[in-house]
Amino acid sequence: MSIAIDSSVPQLDVDPYSDDFLADPYPHYVTLREAGPVVWLRPLGVYAVARHAEVATVLRDWETFTTRRGFGLTDMAVDVPLVDSPEYAQFADNPAMNTFGMRMLLDGARPDPPDNAQFRKVFTTLLAPGAVRPLRERFAAEAEEIVGRVIARGSFDAARELAEVYVLKMLCDTVGLPEEGREHLFLYGDMAMNTSGPRDRRYLDSIAAAVPAVEWVAGVCQRDRLSGEGIGAQLFAMADEGIITHEDAGNYVRAFPTAGVDTTASTIANAIFDLIESPDQWQLLREQPSLARRAFQETMRRDVAPQPLFRTTTRSVELGGATLEEGRKVLVLLGAANRDPRRFEDPDRFDIRRDASGHLGFGTGIHACPGQTLAMLEGECLLGALARQVERIELDGEPVRRANNTLHTWAKLPVRVSASAHTP
């Protein structure tokens, strides 16, 4: 069946989930931005927005551009849910793979107001700046220790052995997840981050690989498996007080491994690569480690790891001079918006002195990332520790891109370093 679209909208043969696009999306973003404020992507049969103004408009107007029908390509109002599809039949006998939480995760459903009001209230309380501030000393000390450990070796994988190790420890310790089995969270996160795209081989293979991780997460996000201190314990204490249900408490604990590990670790790896590729900025950071927070913010703008997501129109709406019908998927490209020259001067340049406020790396509006205070602290502490302890950092081999439908980052980032003469 043919789909009627606004004749004024440019139609492009661009597939944002092709290997070529995922390997280097930025040239494609230029094409999309310059084609118009709204474009139609023939390979997917969806609208797309790549300019900052339109992306911000879509993200802020949750009433018109909903997440209820999925934040991925799957339209939960018309498509067969993945868990009910033939592709998922191999997991039919596994209870952990057939929970309500897995259904919501794999098909990308997210509640809009008022259904998400409780979730937002709980997380904005637990992760408010005042609640995160007491964590700074512990996060900074751990960053210094981990950086000191890897630089003693001279060369290491900055993605796997630094960014991932640090974020995994800090988030799991903060939530109160057990130490044994934490490595499962990267396969779990890889699956979760593939959910924005089509049901391609990349996505389906990531689900199959994550089965043990799903089982581990289901087991450890229970009250009796969490430490007595940490955010997990706080959530169950809220349940005891009747603020949330005990079922909600367990579901909220699972939100951390779903969205809090891969995204932050991947963006930190991108920041390290950006600093290697911009030696003047690395030197500036070494001279002024206090710029570490700005360095991470600039990476959130220029090279944020999670880049595409979707909304669905709830009514006929005008956007960028085009009329979008009700029930149309809209691909929102955060990575393209953050490099829009209409919003940022010289946007391709990595500049840690830049005021990057206004970037959309954490989203914006009612669905903005509630964990951004925690991510900012992790990014700031680890980049600051690198600046204090490392004099030179350079590539030690060819980096390898990670194959993921959502994350633009590195599977391997081999680096060689020399320690600073004034290492703490």
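Residues numbered from 1 in each chain as written. Predicted model: local features only at pLDDT ≥ 70, side-chain atom pairs only at ≥ 80, totals over all residues. Heavy atoms only, no water.

Caption draft 1: How the structure looks around the overall build of the protein chain. Each helix and strand in the protein chain was counted, giving 18 helices and 13 strands. Overall, the protein chain is about 65 × 50 × 40 Å in size when its C-alpha atoms are taken along their principal axes. Across the 424 residues in the protein chain, those meeting the buried criterion constitute 57%. Sequence separation of at least 24 residues holds for 74% of the intrachain contacts in the protein chain that already meet a minimum separation of 6. For the protein chain, the accessible area works out to roughly 17400 Å², and carbon and sulfur atoms hold 51% of it. Of note, the protein chain has its 45 positive side-chain charges centred 3 Å away from the centre of its 61 negative side-chain charges. (Helix = DSSP H or I, 4+ residues; strand = E, 2+ residues; numbered from the N terminus. Buried < 20%, exposed > 50% of the residue type's maximum accessible area, 1.4 Å probe, protein only. Contact = heavy atoms within 4.5 Å. Areas by Shrake-Rupley, 256 points an atom, 1.4 Å probe, with all protein chains shown as cover. Lys, Arg positive; Asp, Glu negative; His and termini not counted. Charge placed at Lys NZ, Arg CZ, Asp CG, Glu CD.)

Caption draft 2: Up close: the side chain of T313. With respect to the helices, strands and loops of the structure, T313 is situated in strand β6 (residues 308-313). With relative accessibility at 0%, the residue T313 sits in the buried group. With sequence-adjacent residues up to four places away left out, T313 is seen in contact with T64, F65, R69, L324, E325, E326, G327, R328 and V330.

Caption draft 3: Quick peek at the pattern of salt bridges. In the structure shown here, the tally under the stated rule is 33 salt bridges. Between R339 and D348 there is a salt bridge, and its shortest N-O distance comes to 3.3 Å. Classification of D348 by relative accessible area gives partly exposed; the value is 44%. A salt bridge links D396 to R416; the nearest nitrogen and oxygen atoms lie 2.4 Å apart. (Salt bridge = Lys/Arg side-chain N within 4 Å of Asp/Glu carboxyl O.)

Caption draft 4: Layout of the environment of E345. As for its position among the elements, E345 is in the loop between α17 (334-337) and α18 (372-389). Sequence spacing of E345 and W216 is 129 residues, and the spatial spacing of their C-alpha atoms is 46 Å.

Caption draft 5: Structural detail: the side chain of T312. With respect to the element layout, T312 can be found in strand β6. Side chain to side chain, T312 and K329 meet in a polar contact 3.3 Å long. With residues near it in sequence (within four places) discarded, T312 still touches T64, F65, T66, R69, G70, D75, G327, R328 and K329. (Polar contact = N/O pair within 3.5 Å; in protein donor to acceptor, adjacent residues only side chain to side chain.)

Caption draft 6: The sheet that holds strand β13 (residues 414-419), seen in detail. Spatially, β5-β13-β10 is the arrangement adopted by the three strands of the open sheet, whose pairing is antiparallel. Edge positions in the open sheet fall to β5 (155-157) and β10 (390-395), since each of these has one partner strand only. Going across the sheet, the axis of each strand differs from the next one's by a mean of 30°, ignoring polarity. As paired strands, β5 and β13 are joined by three bridges and run antiparallel to one another. When the sheet's bridge partners are listed, S155 is paired in β13 with R416. (Pairing = 2+ DSSP bridges. Axes fitted to C-alpha atoms, helices over the stretch in contact; angles between N-to-C directions.)

Caption draft 7: Up close: helix α11 (residues 211-220). Where α11 is concerned, the buried positions are V211, A213, V214, W216, V217 and V220. Looking at the buried residues of α11, the elements they touch are α4 (100-107), α9 (184-193), α10 (201-209) and α13 (246-259).

Caption draft 8: Quick look at the nonpolar core. If you look at the biggest cluster of nonpolar residues, it comprises 101 residues, and the most contacted ones within it are I207, L235 and I272. For this core, the element with the most residues is helix α8 (residues 158-175), which contributes 11 residues. Not counting chain neighbours up to four residues away, the residues in contact with I207 comprise L82, Y88, F91, M97, L106 and M191. Listed in part, the 21 residues of the second largest apolar core include V9, F65, V317 and L334. (Core = buried A, V, L, I, M, F, W, Y, C linked by side-chain atoms within 4.5 Å.)

Caption draft 9: Spotlight on the sheet that holds strand β4 (residues 65-66). Taking strand neighbours across the sheet as the criterion, the six strands line up as β1-β2-β3-β9-β6-β4 in an open arrangement whose pairing is mixed. Edge strands, defined here as strands with exactly one partner in the open sheet, are β1 (11-12) and β4. Note: β1 against strand β2 (residues 39-41), two bridges, orientation parallel. Bridge pairing links L12 to L41 in β2. Most of the contacts of helix α2 (residues 26-35) go to β2, to which it runs at about 130°, and overall it touches β1, β2 and β9 (329-333). Taken strand by strand, helix α3 (residues 52-60) contacts β3 (46-49), β4, β6 and β9, and its axis lies near 120° from that of β9.

Caption draft 10: Local environment of unusual backbone geometry. P114 follows P113 through a cis peptide bond whose omega is 5°. Tracing the sequence through the fold places P114 in the loop between α4 and α5 (117-126). You will see that D346, though not glycine, has its phi angle at about 45°, which is positive.

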